[in-house]
Every structure is written in C-alpha cells, then in structure tokens.
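Notes for the structure review
As a plain string of letters, each chain reads:
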Amino acid sequence: MQTSYSSSRILLPVWPPFIGLTLLVALLLNLLPTAAWPAMPDWLVLTLVFWSVRETRRVGMGLAFLSGLAMDVADASLLGQHALAYVLAVYGGSALSRRILWFPLGQQALHVFPLLLLVQLVQLAVRTLAGADSPGIAYLLGPCLATLLWPLLTYLLLLPQHQPVDHDANRPL
Amino acid sequence: MDHQPPPFFKRGPAPVALLSFYVALSAALLVLDARFQALEMLRQALSMFSLPLQSLAHMPIQALDGFGAYFVNVERLRDENARLKRARLGNVATLLRTQQLEVENERLRKLLGVKERQQASGHAAQILYAARDPFSRRIVIDKGQQDKVVAGQPVIDDAGIVGQVTRVFPFVSEITLITDKEQAVPVQIVRTGQRSVVFGLGNGQLDLRFLPANADVQNGDLLVTSGLDGVFLPGFPVAKVVHIERDTAYSFARIYCLPLAAVENFSEVMVLDPRPPVALPEQLTSEASGRDGRSPGKSAGKKRRLRKD
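This is a predicted model, so every value here is computed, not measured. (Residues numbered from 1 in each chain as written. Chains lettered and ligands numbered in written order. Predicted model: local features only at pLDDT ≥ 70, side-chain atom pairs only at ≥ 80, totals over all residues.)

Things to note about the overall build of chain A
Here is the rule we go by: Secondary structure counts use DSSP, requiring at least four H or I residues in a row for a helix and at least two E residues in a row for a strand, with both numbered from the N terminus. Note on method: radius of gyration uses C-alpha positions; expected globular size equals 2.2 Å times residues raised to 0.38. Whether a residue is buried, exposed or partly exposed follows from its count of other C-beta atoms within 10 Å of its own C-beta, namely 20 or more, 12 or fewer, or something in between, respectively; the C-beta atoms are built from the backbone.
A count of helical and extended segments in chain A gives six helices and zero strands. Its helices and strands in sequence order give chain A the pattern α-α-α-α-α-α, from N to C terminus. Here the C-alpha radius of gyration of chain A, 17 Å, is about what a compact globule of 173 residues would show, namely 16 Å. Each principal axis of the C-alpha atoms in chain A carries an extent, and together these give about 60 × 35 × 30 Å. Residues counted as buried form 41% of the 173 residues belonging to chain A.

Looking at the confidence of the model for chain A
Keep this limit in mind: The pLDDT value tells you how sure the predictor is about a given residue, anywhere from 0 up to 100. Note on contacts: each residue gets a C-beta atom placed from the backbone, and two residues are in contact if those atoms are within 7 Å.
Of the residues in chain A, 93% reach a pLDDT of 70 or more, and the chain-wide mean stands at 86. Counted against residues more than four places away or in other chains, residues 1-5 of chain A, with its pLDDT under 50, gives one contact.

Some details on unusual backbone geometry
Despite not being glycine, Ala76(A) shows a phi value in the positive range, around 60°. Inspection of the secondary structure assignment puts Ala76(A) in the loop between helix H3 (61-75) and helix H4 (81-100). A positive phi angle is found at Lys148(B), which is not glycine, with a value near 60°. In this fold, Lys148(B) is placed in the loop between strand E2 (138-141) and strand E3 (154-156).

Looking at the nonpolar core
Condition: Put simply, a nonpolar core is a cluster of buried Ala, Val, Leu, Ile, Met, Phe, Trp, Tyr and Cys residues tied together by C-beta atoms within 7 Å.
Among the nonpolar cores identified, the biggest contains 46 residues, and Val45(A), Leu48(A), Val49(A), Tyr86(A), Val87(A), Ala89(A) and Val90(A) are the most heavily contacted of them. Put simply, the parts of the chain that give this core at least two residues each are helix H1 (16-31), helix H2 (43-54), H3, H4, helix H5 (105-129) and helix H6 (141-158) of chain A together with helix H1 (15-36) of chain B. When residues of this core are assigned to their parent elements, the largest contribution, ten residues, is made by H4(A). Apart from residues no more than four positions distant in its own chain, Val45(A) is found in contact with Tyr86(A), Ala89(A), Leu116(A) and Val119(A). The next biggest cluster of nonpolar side chains, apart from the first, holds 41 residues, and it includes Ala125(B), Phe169(B), Leu208(B) and Val271(B).

A look at helix H3 (residues 74-112) of chain B
Residue pairs three or four apart in sequence face the same way in an α-helix, which turns once every 3.6 residues. Residues and elements named next belong to chain B. Applied cut-off: What a helix should span is 1.5 Å times the count of its residues minus one. The reported bend at a residue is simply the angle between two axes, fitted to the 7 residues ending at it and to the 7 residues beginning with it.
Under the 1.5 Å per step criterion, the end-to-end length of H3 is 55 Å for 39 residues, consistent within 8% with the ideal 57 Å. Taking the largest bend as the criterion, H3 deviates by roughly 40°, centred on valine 92. The buried fraction of H3 amounts to zero of the 39 residues, a small share that puts the element mostly on the outside.

Side note on the pairing of E2(B)
All names here are of chain B. Let me state the cut-off plainly: Note on pairing: two strands pair once DSSP finds at least 2 bridges between them.
Of the two faces of E2, the one carrying Arg138 and Val140 and the one carrying Ile139 and Ile141 are both buried. Alignment of strand E1 (residues 122-130) against E2, held across three bridges, turns out to be antiparallel. The residue bridging tyrosine 129 from the neighbouring strand is valine 140, located in E2. Inspection of the sheet shows E2 paired to strand E5 (residues 173-177) by four bridges, in the antiparallel sense. Its bridge partner lying in E5, isoleucine 141 is registered against serine 173.

Considering the interface of chain A and chain B
Using the following cut-off: In the scheme used here, Gly and all other residues not listed as nonpolar or charged are polar, with Ala, Val, Leu, Ile, Met, Phe, Trp, Tyr, Cys and Pro taken as nonpolar and Asp, Glu, Lys and Arg as charged.
Contacts between the two partners involve 35 residues from chain A and, on the opposite side, 36 residues from chain B. Tallied by class, residues from the side of chain A that touches chain B come to 26 nonpolar, six polar and three charged.

Details of the environment of Pro135(A)
Looking at the secondary structure, you find Pro135(A) in the loop between H5 and H6. Classification of Pro135(A) by C-beta neighbours within 10 Å gives partly exposed; the count is 18. As a C-alpha pair, Pro135(A) and Pro38(A) span 97 residues in sequence and 8.3 Å in three-dimensional space. Setting aside residues up to four positions removed in sequence, Pro135(A) forms contacts with Pro38(A), Pro134(B) and Phe135(B).

This is the structure:
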C-alpha cells in the first residue's frame, strides 16, 4: 500500500485574494523594526517560496521581483538586491514544486532550506561585490529558523483549503 | 500548415526566459544604483508606497511604547526631574560664559580680520528606527524634504557627531552613522592638534587612519571634527581613542576609537543646517575653472563617498 502524505490529500482550490493577503502580512512582518536581531527569518521570501511551490501558476517571478523591490526600498539596501534573490528563489521553488510535494513535511523543509540559503548568499555576494562589510554568522541563521517554521507555515496557510466541501448544519466546524 | 497548440496549454513565456529577463533587470538596477547612484527618483517613487506600509507595521510597537510610558512610576519621573534640574544648574555657569566667550571670540576674530565662525543651528528630529539592512549602519529620522532636509547635513546628539544625512525622502530621511564602513569624518586630536580622518569599522568602532606608527596618540585622546571637509562644523566631539596597535611591520599605526555620541541607541538627534560653501580666492577660482570647468562650491554640499583603498 502506498503511504499517504498530507501533501497528496485533495484540497479545495485556493482563494486567490488569500495569497495576496498572506503576502501582505509577510511584508508587514518584514517591515517591523527588527534590525537588532539579524537572525530574523525573511517572512516574505518564505511565503513567496511556499506559494511558488503550491501555486506555481499564480505566484511567479514577476510578483517576486516587485516584492523584492519593495523590500529594497524599505531596507535601504541596494536597489535590485532583494529582487534578484527573490526571483531566483521563486524560480527554484516552482522548478522543484513537482518534486517537493511528493515528500512529507520534514523533507519538504529540507528541500526549501537551500533555496532560502541561496537568498541570503546572493545578497551577501552582491553586497560584498559592492564593497560592504560581512554581517556576521547570525545572518545565515535566518534561513535555518525559517526552515524549522516550514511545517507550521504549511499548516497555517493550507487551513482554508482543508475545509470540507459540504457544510453540515449540525457540525459547523 | 501551421499547428498551434490549443489555447489552454498557453502559459506565457518559458520559465527560463522569464528568469533571465528578471535577473538581467535586477542586475541592471544593481549596477545603476551601486555605480552611478542614478535611481534616487525611482527609490523616492517606490517609497511613496512602502512608507505607509512601514508606518502601519510600526503602529503596534509605538502603541506598546506609549502604553508602557503611561504607567511610568511617579517616583521615577520626580527623580529624573530633580536630576535634570541639578544638571542644568551645573551647566549654567559654563553655558553663560560660553555665550560671552563666543561673542568675544567673534569680536577678536573681526579685529584680526579672520573669517567669522559659523554659528551652529539646526532642527531636532526623532529617530524612527534602524534600517534593517545588516550590511550597513543607517537610521531613519522623521524629518524629510518637507522640513527642508538636504543630503549631506551633519547630525549630532547631546554628546557628539552621530552621522550624516545621505538620502532624503518626502517625510523621512536616512542617516549614515559614523560607524558605517563607508562613512569618513575628518578629525583633529584635541591634545596635539594633529589632523586625520576617522573611518567606521562596521562593528560599532571607528578607525583613525593614516597616522604614522610613531605618532603622538594616547589612549583616551579626544577627537573633534576638524571642519576641513566643509560639511561638519569644526569642534564637535567625535570619538575617544581606546586602543592603539603599533606594529613596526606597517608604516601606519592602527588606532581604534569609540564614538562619543549614543550612535547605535534610539534617541533624539539634531540635524544641523548645511554649511555654506566657502568661496575660493579669485585666483584659485579662475585656475580651477580653466582646468576642468567645475565650480568649486558645488562639491561642498554633495554627498561624500570616499572610495576605500
């Protein structure tokens, strides 16, 4: 018998405004003044990668580029630095999506980790080329924390799609 | 005959084509921004969208702050009030005499025919937050183009130089701290009068460069701005020497300093008015314009970006 993973369960179709809402919340989380904690995960790229794996046709590189530009302006970094990293991560996410969804959540997180690490390394490379200082090892801790959050994120973001198709008046939930 | 796939297979350009397009676009933006600093208009336009979001994100934190401040102990407030009153009384003697000294100095300078010192004046501003970019040290204050802030203005707090305004948006502006790796401040050692330039190290410390290994520098020496750059007014405290390494293998000493101002802490700062460009003597002006046709006053207010090495 084939093992059944939560990823192979048939879900309700996603409600597109919900994707936009989650991305907006992630952007707001990113805009919090957390400069004192360099190990803070990049919420926006985590959400973007999640939707690029789940909904490859709806969340693409154009959206990643625009979110990256927004982060560049908000972060006062070089214009195009986040955009480049986000575009690469979303491309990787959509290219791997058929493969990633076969695995249970823990192994999905291991697939996502290199993508999130790539985001940080691309930014590090760009800024080092431009002559900036190294930000310290805590900078690479963010992707590790984000990877640990992947199962929780999957649970939260798929909650609306887990609802039953037929509503039972006797069992509202 | 041409066989087209049915329309429901159409998915736009191939992913690799899209990827190369966006990567090329980001690379172009990066080069334009890092090399030519040509994208300030685009940045300002984008900031019109990101700023409201940012203030929205900061709202709960400000509310929490306000909530905490509301329940401050009366005892503590009374203590603080008494301490401030004492401090003001302690400073009053020096302050009164300083005003008199400044007037006297001006008069003497007039007698000697030396150019008058510029009075320091400016506007107080509140630090909103530290920029999230982990590669640089910048803060954002709540004064912008609306308050006539221009790039290049020096920023101080009650203890010394904090940094310099490097980017101005309509309602906020960005300050590069003196501890940033790209920021340099021309300074003078108070004890000996020796001039040099102090650079940020990126880790909260400063580095006094280009002083020979046998230079007369001691731990605890105070560095003040020399004013030679035409941006910072002379005489503001910048840093204190904390550690000196004299290695005979190198021709320069490595001198580490700590900033005196509360550079990395949240507080109120003062944005000083820009210095008027100093006019060169007639002869030099004609010489300079004959060589490269640039007016000498133009570079004074401009953002200084010293290339390293």
